[in-house]
Structure formats: C-alpha cells, structure tokens
Amino acid sequence: MSLTGSPFLYTLIALCVVAVALPLVLWSRVRGPKAVRAVARVLMVLFAQGTAVALVFTMVNNSNQLYDNWGDLLGTSDHVQEAADLGASGTGGIALEKLPKVRQAFKPGKGPGMRAEGGVLTTQLKGRVSGVRGEVNVWLPPQYHDPAYRNYKFPVVEVLAGYPGSSKAWFGSMDVTQQLAPLMRSGRIAPFIIVSPRTSLLPGQDTGCANVPGKVNADSWLSIDVPKMVMDNFRAQAAPDGWAVAGYSAGAHCAAKLAVAHPDRYRAAVSLSGYNDPVVERKSIAAKTQALRAANNPYVLLKGAHVPPRVALYMSGQPRDGYEAGMALKRIAKAPTTVDVVFIPKSAGGHTMALWKPQVVPAFRWLTEVMGTGHRTRTASGATPLAPSTAGSRPAELASGIASRADAARRP
C-alpha cells in the first residue's frame, strides 16, 4: 500500500475510529487476572495513540510531501549505482557534447498537483555521468503545444525540494503550475519548462548537492545528467542562458551553490530560506569535512572566484533564516554577478511551506526579467506587474527541511 495513497490514509482513519471504540466497548469487559486486564487496557491505549500519531504524520506528509514512499521514510532507498571520482568539473573527463542523446519514455505523474494545468510528465533517469538513478518530473508551459511556438525553444527552471523532500513537492505543496500557468497564458511571466528531479538520493542523508567520491555525485546528477536529458527530449533552450535553478530550505542552498559553482550551466538561481555553510543541515554529507564544506559553500566559492561568475541570485529570507546568508553574498558580489536580497519579516511565518508558496510568483517574475525573456512577457502597457501573490497559504502548514541553526545562520 502506497505511503502517500488515499487507501493508506483511509485505512488509518478507519483504524483510529476502531481505536477509540475499542476502549469504550471493551474496557470494563476485559476478563482474567488483574495483570492480564492491565496489559489488555495498556495495549488498547497504545493502539489508540499509535494510530493517532500515524494518521497525523500521514496527513502532514501528504500536505508537505516529505517522503514519497516507504523506502524514503524507512531509509532503505538508495539511488546511487556508482560514485566515481569525477574531478573538479564533475564530468570525469567525459566530453559531454559527444555523449549520445538520452531518449526517455515519460508517463503521466501521480500525486497532489501532478495532474493540474496539463499534467506533469515523469520518467526514471539513469545518469550516465553521475551514476545516479531517480525520477525526474517535467512540466511543459501552456505555449509548448501551441502551433505558433512549434519552432520555439523554452527556458528551463530546475526546482529543488528541501530535506527531506519529494520531487513532487513543488507541484503539490507549492502549487507552482497552478500559480504560474495563468500568468504564462496572459504573458506576465515567461513560459518556462519546470523540471523537478529527485534530490533524496541516500538513505537518511542530505547530499548537499555535492560530489563525494565513493558516496554520491549529486552535483553532476543535477547539473549535468538532468539538464542533458531535458534538452535531448524537449524544446529546451541551451545552457547556460536558458537555465535557472530554484529551491527552498536545503534546496535553496543547493540552488545558490549550483549557480555559483557552474555559471557555464546556469544563468540564475532562486534561494528561498537558504544557507551558505552546509553545516546548517545536520545530515548533510557536504558538512563532514572542512574541504567539503568549503567546496559546497556558495560564499566561499564566490569569494574565491578568480573571475566573478555571470550569474544572478535571488535570495529571500527572514532574520537568522536565510537573510544573513543572502546579505553575505551581496556584500562580496562583483559584476557581472548580481545578488538581489528580499527581506521577509518574522510576522510572515516561520520556515514553512506557507512562507515559500507565496514567493513563487515574485520569484518567477524576477526570473523572467533576469533571463532576458521579459520582452516577451510584457503587458499591453509595457510593464510587468509586481504585486505579491498570496496563493492561499495557511500559516498552519508545516515545512520540508529544517530551520537554520542560530549560530550557523550568522556565518557567511
């Protein structure tokens, strides 16, 4: 039975009803020695508590899409087939332009938000460079099948979940396609292809979007294998000018790091409540050594760059949860690097989906402008509306990922 399926949820609801009814019916009818009666009653209480906890967890998981399946929850899923040492470039010396085209079979995605606005396509990709195997979800904008656009190649935004987090979360909990499709149709936001790959690759560990020989090549999976597959199968613009990456929480850290580390692969990045130092995420393998921390810290990478990378960064955050990290990058950025920092007050809520969901529209408006597609998406008056989106967020929603540690949040 699927962890996220309706049958499992309804089964838990039924069990909760039974768990409440059992003590009411049987409490005074239990027979036998005193010890036996005590054990029976304790078991009824534990059964009631266990089913209630399981139901609450399942509802939170379904709402925030933290775990896709039992393997992710129990830590038995491993999507790494091999993790060779690919060197500083992450290519292992492979001439990427000489690799054969990747031809994939796609099927309609399942789950919350996966059928909205034309539906999401999903495929299982075996990364030829990274040695990673996992699902990749692709949503095509409304214009993609319009005959007027048959010769047009579309810009792409690769979206990353937090940790733990599902590759479906941007389509479900974040409602990205339902928020953006109407604005794409009206021309207020560019028609982006949205790609969401699996980021949970190791049992019980956050990869930090890092390449760690012998462990995982998450960076190469996200920045090489996934983009190549998308460009080989869809009318997608070439990197770097046609590609951006966005994420929230641990995914925000990855977005900034990938863009700064690979200006030849991404033109822009959106970081929602991100951080710079991987040590903020307790389970990040990128925080295991000082060398890994430095190699996967966008502040260190940007500060040490001999030539400032031609990338644009959108960093939003609250005090002690993303804002300081964004300001640290802004202070050291030199042209052509640009850093736009958005301050989110504490009153907007905490490190939650409710905080990030309303930022989808402003972030994609920013992407429309910085990626050079703004001239195609202007309104009749020539101006791009900048009103914020509320997106129906509820403060009670929980988040994927963790809040920054207070001490680590102050670090660049």
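You'll find the structure just up there.
Residues numbered from 1 in each chain as written. Predicted model: local features only at pLDDT ≥ 70, side-chain atom pairs only at ≥ 80, totals over all residues. Heavy atoms only, no water.

Peer 1: Got a sec to walk through the pattern of salt bridges? Specific residues and values, please.
Peer 2: Applying the stated criterion across every chain yields a total of 10 salt bridges. Between Arg 185 and Glu 117 there is a salt bridge, with its nearest N and O atoms 2.5 Å apart. Here Arg 185, found in helix α4 (residues 176–185), pairs with Glu 117, found in the loop between β1 (107–108) and β2 (121–126); they are 68 residues apart in sequence, far enough to count as distant. Among the residues examined, Glu 117 registers a relative accessible area of 28% and is labelled partly exposed. The shortest N-O distance in the salt bridge between Asp 264 and Arg 265 comes to 3.8 Å. (Salt bridge = Lys/Arg side-chain N within 4 Å of Asp/Glu carboxyl O. Helix = DSSP H or I, 4+ residues; strand = E, 2+ residues; numbered from the N terminus. Buried < 20%, exposed > 50% of the residue type's maximum accessible area, 1.4 Å probe, protein only.)

Peer 1: For the side chain of Thr 51, give the residues involved together with the corresponding values.
Peer 2: Relative to the elements of secondary structure, Thr 51 occurs in helix α2 (residues 34–64). Of the residues examined, Thr 51 reaches a relative accessible area of 7% and is grouped as buried. A polar atom in the side chain of Thr 51 sits 2.9 Å from the backbone oxygen of Phe 47. Ignoring sequence-local partners within four residues, the contact set of Thr 51 consists of Leu 15, Cys 16 and Ala 19. (Polar contact = N/O pair within 3.5 Å; in protein donor to acceptor, adjacent residues only side chain to side chain. Contact = heavy atoms within 4.5 Å.)

Peer 1: Talk me through the packing of aromatic side chains; I want residue IDs and the actual numbers.
Peer 2: Tallied over the full model, the rule gives 11 aromatic pairs. Note on Tyr 149 and Tyr 152: the rings are 5.6 Å apart at their centroids and 85° apart in plane angle, and the pair reads as edge-to-face. Measuring from centroid to centroid gives 5.7 Å for Phe 192 and Phe 364, while their planes differ by 75°, and the two rings are edge-to-face. Note that Phe 192 is positioned in the loop between α4 and β5 (193–197) and Phe 364 in helix α11 (residues 360–370), a separation of 172 residues in sequence. Grouping residues by exposure puts Phe 192 and Phe 364 together as buried. Taken together, the ring pairs connect Phe 106, Tyr 144, Tyr 149, Tyr 152, Phe 154 and Phe 234 into an aromatic cluster. Sitting over the ring of Tyr 144, Arg 235 keeps its end group 4.2 Å from the ring centre. (Phe/Tyr/Trp six-rings, centres within 6.5 Å; stacked < 30°, edge-to-face > 60°. Lys NZ or Arg CZ within 6 Å of the ring centre and 35° of its normal.)

Peer 1: Describe α4, with residues and values.
Peer 2: For the α-helix, the turn length of 3.6 residues means that residues three or four positions removed from each other point alike. Summarising burial for α4: seven of the 10 residues are buried, a large majority. Buried within α4 we find Val 176, Thr 177, Gln 179, Leu 180, Ala 181, Leu 183 and Met 184. As for α4, its buried residues are in contact with β3 (133–139), β5 and α11.

Peer 1: Which residues make up the pairing of strand β11 (residues 338–343), and what values go with them?
Peer 2: One ladder, built from six bridges, connects strand β10 (residues 312–317) with β11; its direction is parallel. Paired with Gly 317 across the strands is Phe 343, a residue of β11. Following the backbone out of β10, through helix α9 (residues 323–332) and into the adjacent parallel β11, one traces a crossover that is right-handed. (Pairing = 2+ DSSP bridges. Right-handed = clockwise from strand over helix to strand, strands pointing away.)

Peer 1: Lay out the layout of surface pockets with the relevant residues and their values.
Peer 2: The space that makes up the largest pocket amounts to roughly 350 Å³. In this structure, the largest pocket is lined by 16 residues; those nearest its centre are Lys 107, Thr 122, Gln 124, Glu 135 and Lys 168. Within the residue set of the lining of the largest pocket, elements represented by two or more residues are β1, β2 and β3. Tallying contributions element by element places β2 first for the lining of the largest pocket, with three residues. (1 Å grid on protein atoms, 1.4 Å probe; cavity = no way out; pocket = protein on both sides within 12 Å on 5 of 7 lines; lining within 4 Å. Points joined across faces, edges and corners; volume = space filled by probe spheres on them.)

Peer 1: Summarise the nonpolar core; cite the residues concerned and give the values.
Peer 2: Counting residues in hydrophobic clusters, the biggest one holds 50 residues, and the most contacted among them are Ile 193 and Leu 313. Apart from residues lying up to four places away in sequence, Leu 313 is in contact with Ala 259, Val 260, Ala 269, Leu 329, Thr 338, Val 339, Asp 340 and Trp 366. One finds Leu 180, Ala 244, Tyr 248 and Leu 272 within the second-largest nonpolar core, a separate group that totals 38 residues. (Core = buried A, V, L, I, M, F, W, Y, C linked by side-chain atoms within 4.5 Å.)

Peer 1: Describe in detail the packing of α4 against α11, supporting the description with residues and values.
Peer 2: The description of two helices packed together rests on the angle between their axes and the distance between the axes. Where α4 meets α11, the axes come as close as 10 Å, and the angle between the chain directions of the two elements is 50°. Here α4 is positioned oblique relative to α11, judged by the angle of their axes. Two packed elements cross with a definite hand, and for α4 against α11 that hand is right-handed. Listed contacts from α11 to Val 176, Gln 179, Leu 180 and Leu 183 of α4 are Val 360, Val 361, Phe 364 and Arg 365. Of the residues that constitute the contact of α4 with α11, the class distribution is six nonpolar, one polar and one charged. (Axes fitted to C-alpha atoms, helices over the stretch in contact; angles between N-to-C directions. Parallel < 35°, antiparallel > 145°, perpendicular 65-115°, else oblique. Left-handed = near helix turned anticlockwise from the far one by under 90°. Nonpolar A, V, L, I, M, F, W, Y, C, P; charged D, E, K, R; others polar.)

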